[in-house]
Amino acid sequence: LEAIENTVEKPNVILREIGRVDAELDRTSDMSRAFYFLKSRFTNPEHPFSRFTAGSRETLQLKPGEEGLDVASYLLRFFRDHYIASKATLVVVGKDEVRALDRWISPFSNVMSQKVGFKDCVEKPYFPPPVANNEDSANGLTQSIILRSKDDVQISEDIQTLCIEWPLSLIYSNCGTRQAPIQHIITAPAVGFILSQIISRRGPGSLRSFLEKFNWVPKDSLTKGVPRITFPVDVSGFQILRLELGVTLDGFASRSAVIAALFESVRTAISKPFQLDLIKQYMSTAILHGYLFAPRPPDAVALAVDSLRFGVGGNGGIGVHGNWYLMPSPQDEVAVENVKRVVESTLRIMADEENAIKSIRASPKAIYEFSGGIVDQRITSAPLFSPWQKEQITGARYLVESRTNGGSSLFKSFLFLSSRFDGDELSPPYTNPLMPTKFRSPRPVIERIGAWGRRYFYLDEASAVDLKTRSNDDGWRLTNKDTWREYQPSKSLNMNSRDYGTNWSLWQIPPGYKDFVLLPNLPIRPPEPSIECVFVIQLLSSLPSSFTPTQLSLSNMWLLSFDDAILDLAELGATAGIAYESSFNKAGLRLSFRGVSQSLPSYVRRFCRRLVQHHVKLLDGSARVSDAVYKRAAFGDSQSLKPNRMGTNRVANQVSERDVANQGLLFLKCTHSGYLISQGDVLPDESMKLLSELQFIFRDSK
């Protein structure tokens, strides 16, 4: 503390640091302009968020000098009042014992103020209303257009950013410092993740499908056309929920209709009460992608921030036994009910258009050339003149315009036409048949090496035996042999092999096995127990080895068009942690799948049933070869051995959907056998069952 006082009292130190703070203030980036525009919308000076918190030369030097304030003395007083032990949390991540860590960190205790802390918080933090007078209520619904900075080169001028923000008031802890409350903590990141799953979902009846159909959002972008939810402000008692969406130039011209579509999708989502299984699936998705698929070491900075935000100890927050997850467990029924209640309450807040702050960060190209649409008026005034205004911190120019009443009518008319001709309409979210509401524990595999070679034992149920008991000679101890099943490996390849019928085989590969000569490039699962498994289906056919350039091009177009046809299934699978890959090779067609063992067999069956019926749908017109497939085929984009590009271009310009369908049917008829390769958290009996079903699926396709 003395060193800090001596440093601050030195001449020119404060002036030097003020210059650094002012130089670091971001005035040009798109995100900075959005943040300070948001702060300017909070017109109540009593609300803490309405204040300027970053600091500049004007607020730290000029104004204090005019008012006769000593910045150095205020800085020291702030340090003594707030940098105290009772308000701090120390997080240490290490492998050493707690006593050793405590001895190493004790010298750092004197860097904080020695002032005794006092309780300066209340049971529920109070924040005044953010807006002194609601402009939307006085002048009708409005939206703001912010002119982008020319210095922000990371943003495409053809993609504009629609931003809608809502203030929330989630309570995390009693005081936001030490003790977490008795009830479960429902964090803003957890709520935001579930809202993303509801609003950003894809498939029939989703907002995203309609926005893409009307060309209001980019179709080819993986991120720009997807509604993205973040929390730029997140403290106990006050949060800002931000929804951002990249819109095309056509979408900017119909901006009032796009905004109306977002609010209509929110109202549709809460038109029916959420099922508990749906909430459990969303919570399982968060844990699956956030922790189970990507185990991460504890981060000291993240834990320290979370401890101040969500509390320490109690039934929730930092310091609980086990892992600290921002998302509660789907098996905690009380937490599931609380999450459901908070999500529904947040969606009701989002459905209120008067409570939202709406803005569009637009490029000069969009403002000057594409601002007028069917219902939205063209912007005729230049940003330097009225009615454009200037944001005080960044200097960004913005225009507040009235929302046209025809925006909602335009979107609803498009919905009516889509429902009439395509049979598609906005619908509430629905459960995913591929996402478990409870994850099964990994089922280990025991490998024993003896005089008769390798022997493998598969555990039927993860909870059937104490997996912590070991023996010194043969790894895991079989405490109950009724729950373990031995699968005798093949003596020739030292792995599990069984023939099924006359032309199909199963290869069960133990985890970590590397000497698989049948497919040398096969990815190998790690030896540690996991909830994931892998299936590889190899369809054997003599046709690919004798493909003509025309046949190879048509076959690739058959696979590429199939990718488009199962986009709905692929989206459901991606949410459930499932991925697939398909390609032709010299032996035939290879289909690879990876995902959670509880749902992957079901996905594989659905996938293969639709594959063998794809040529039928192409022939009857219920599926089609899109222009994108023709374009990809013309440029040599294939899912097999690369064909001749000139030959592919010539074929793609001359073929019809019937030609593509007939080629797919020909390949299926020429498939004479196959084998299934499985690895990971899958029992041999489960693999055999899947193999039996696949044999009937592909047999019926001929």
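Residues numbered from 1 in each chain as written. Predicted model: local features only at pLDDT ≥ 70, side-chain atom pairs only at ≥ 80, totals over all residues. Heavy atoms only, no water.

### Overview of the packing of helix H11 (residues 255-269) against helix H16 (residues 406-421)
We apply this condition: Note on definitions: angles span 0 to 180 degrees between N-to-C directions of axes, and those axes are lines fitted to C-alpha atoms, for helices only across the stretch in contact. Secondary structure elements follow DSSP: runs of H or I no shorter than four residues count as helices, runs of E no shorter than two count as strands, and numbering proceeds from the N terminus. Small angles under 35 degrees read as roughly parallel and large ones over 145 as roughly antiparallel, with 65 to 115 read as roughly perpendicular and the rest as oblique. Contacts are residue-level and defined by heavy atoms, with any inter-residue pair within 4.5 Å sufficient. Residues were grouped as follows: Ala, Val, Leu, Ile, Met, Phe, Trp, Tyr, Cys and Pro as nonpolar; Asp, Glu, Lys and Arg as charged; and all remaining residues, including Gly, as polar.
Look at H11 against H16: their axes get within 7 Å of each other, and the N-to-C directions meet at 70°. In this view, H11 runs roughly perpendicular relative to H16, as classed from their interaxial angle. Of the residues in H16, those in contact with Ser256, Ala257, Ala260, Ala261 and Glu264 of H11 are Gly407, Ser408, Leu410, Phe411 and Lys412. Here the contact of H11 with H16 is composed, by residue class, of 5 nonpolar, 3 polar and 2 charged.

### A short note on the pairing of strand E17 (residues 588-596)
Applied cut-off: Under the scheme applied here, a residue whose accessible area is under 20% of the maximum for its type counts as buried, over 50% as exposed, and between as partly exposed, the area being computed with a 1.4 Å probe on protein chains only. Pairing between two strands requires that DSSP report at least two bridges joining them.
Counting buried positions along E17 gives 8 out of 9 residues, so the element sits mostly inside the fold. Bridge analysis of strand E15 (residues 532-541) against E17 gives 9 bridges, and the strand direction is antiparallel. From the neighbouring strand, Val534 faces E17, where its bridge partner is Arg594. Where strand E16 (residues 579-585) and E17 come together, 7 bridges link them in antiparallel fashion. Considered in E17, the bridge of Ser583 is made with Arg590.

### What to know about the sheet that holds strand E2 (residues 160-168)
Strand order in the open sheet made by the 7 strands is E3-E4-E2-E5-E1-E7-E6, with mixed pairing throughout. Two strands in the sheet have a free side with no partner beyond their single neighbour: strand E3 (228-235) and strand E6 (389-390). In the packing of helix H3 (residues 30-41) onto the sheet, contacts are made with strand E1 (142-147), E2, E3, strand E4 (238-247), strand E5 (357-362) and strand E7 (397-402), and the angle to E5 comes to roughly 150°. With respect to the sheet, H11 is in contact with E1, E2, E4, E5 and E7, its orientation differing from that of E2 by roughly 40°.

### What about the confidence of the model for the chain?
Threshold: Values of pLDDT, the confidence the predictor places in each residue, fall between 0 and 100.
When pLDDT is averaged across the chain, the result is 80; 77% of the residues are at 70 or more. In the model of the chain, strand E10 (residues 470-471) stands out as the element of lowest mean pLDDT, 44, in contrast to helix H19 (residues 600-612), which has the highest, 96. For the stretch residues 174-182, pLDDT sits under 50, and the model shows 30 contacts to residues farther than four places along the chain or on other chains. Taken as a whole, residues 489-495 scores under 50 in pLDDT and shows 21 contacts with residues more than four places along the chain or in a different chain.

### Here's the deal with unusual backbone geometry
With an omega of 10°, the peptide bond between Ser386 and Pro387 qualifies as cis. Its place among the elements puts Pro387 in the loop between helix H15 (364-369) and E6. The phi torsion at Asn215 lies on the positive side, around 60°, for a residue other than glycine. If you trace the backbone, Asn215 turns up in the loop between helix H9 (207-213) and E3.

### Re a nonpolar patch on the surface
Short version of the rule: A patch consists of residues whose relative accessible area exceeds 30% and which take part in no salt bridge; residues with like charges are grouped when within 9 Å of each other, and nonpolar side chains (Val, Leu, Ile, Met, Phe, Trp, Tyr) when within 5 Å. Values of accessible area rely on a 1.4 Å probe in the Shrake-Rupley scheme; residue burial ignores everything except the protein chains shown. Here a salt bridge means any side-chain nitrogen of Lys or Arg lying within 4 Å of a carboxyl oxygen belonging to Asp or Glu.
Judged by side-chain polarity, Phe416, Leu417 and Phe421 come together as a nonpolar surface patch covering roughly 360 Å² of accessible area. Here Phe421 is to be found in helix H16.

### Looking at the side chain of Thr161
Selection rule: Whenever two N or O atoms come within 3.5 Å, that pair is a polar contact, provided that in protein one can donate a hydrogen and the other can accept it, and provided that, for residues adjacent in sequence, both atoms are side-chain atoms.
Residue position: Thr161 is located in strand E2. On the basis of relative accessibility, which here comes to 13%, the residue Thr161 falls in the buried class. Here the side chain of Thr161 touches Arg148 through a polar contact of 3.2 Å, side chain to side chain. Look past the residues within four positions of Thr161 in its chain and what remains in contact with it is Asp30, Arg148, Glu244, Leu245, Ser359, Ile360 and Arg361.

### Focus: the environment of Gln551
Note that Gln551 resides in helix H17 (residues 549-565). For the pair Gln551 and Asp659, spaced 108 residues apart in sequence, the C-alpha to C-alpha distance is 9.7 Å. Not counting the four nearest positions on each side in its chain, Gln551 is found in contact with Ser546, Gln663 and Leu666.

### A short note on the pattern of salt bridges
Applying the stated rule across the entire model yields 24 salt bridges. Notably, a salt bridge pairs Asp681 with Arg443, separated by 3.2 Å at the nearest N-O pair. In this pair, Asp681 sits in the loop between strand E18 (671-680) and helix H24 (684-700) while Arg443 sits in the loop between H16 and strand E8 (445-450), placing the two residues 238 residues apart along the sequence. Connected via shared salt-bridge partners are Asp30, Arg228, Glu244 and Arg361.

### Observations regarding the packing of aromatic side chains
To keep things clear, this is the line we draw: Aromatic rings from Phe, Tyr and Trp, taking only the six-membered ring of Trp, are treated as a pair when their centres fall within 6.5 Å; an angle between ring planes under 30 degrees marks them as stacked, one over 60 as edge-to-face, and anything in between as tilted. Look at NZ for Lys and CZ for Arg. If either is within 6 Å of the ring centre and within 35 degrees of the ring normal, a charge sits over the ring.
In this structure the tally under the stated criterion is 24 aromatic pairs. On the basis of an interplanar angle of 80° and a centroid distance of 5.0 Å, the ring pair of Phe42 and Phe49 is categorised as edge-to-face. When sorted by exposure, Phe42 lands in the same class as Phe49, which is buried. Geometrically, the ring pair formed by Phe547 and Phe584 is edge-to-face, given 5.9 Å between the ring centres and 85° between the ring planes. Note that Phe547 is positioned in the loop between E15 and H17 and Phe584 in strand E16, a separation of 37 residues in sequence. Owing to a relative accessible area of 5%, Phe584 belongs among the buried residues under this scheme. Put simply, the rings of Phe35, Tyr36, Phe42, Phe49, Phe52, Phe127 and Phe238 touch in pairs and so form one group of aromatic residues. Its guanidinium or amino end placed over the ring of Tyr74, Arg77 lies 4.8 Å from that ring's centre, counting from NZ or CZ. Looking at Arg255, its charged tip hangs above the ring of Phe252, at a distance of 4.7 Å from the centre.

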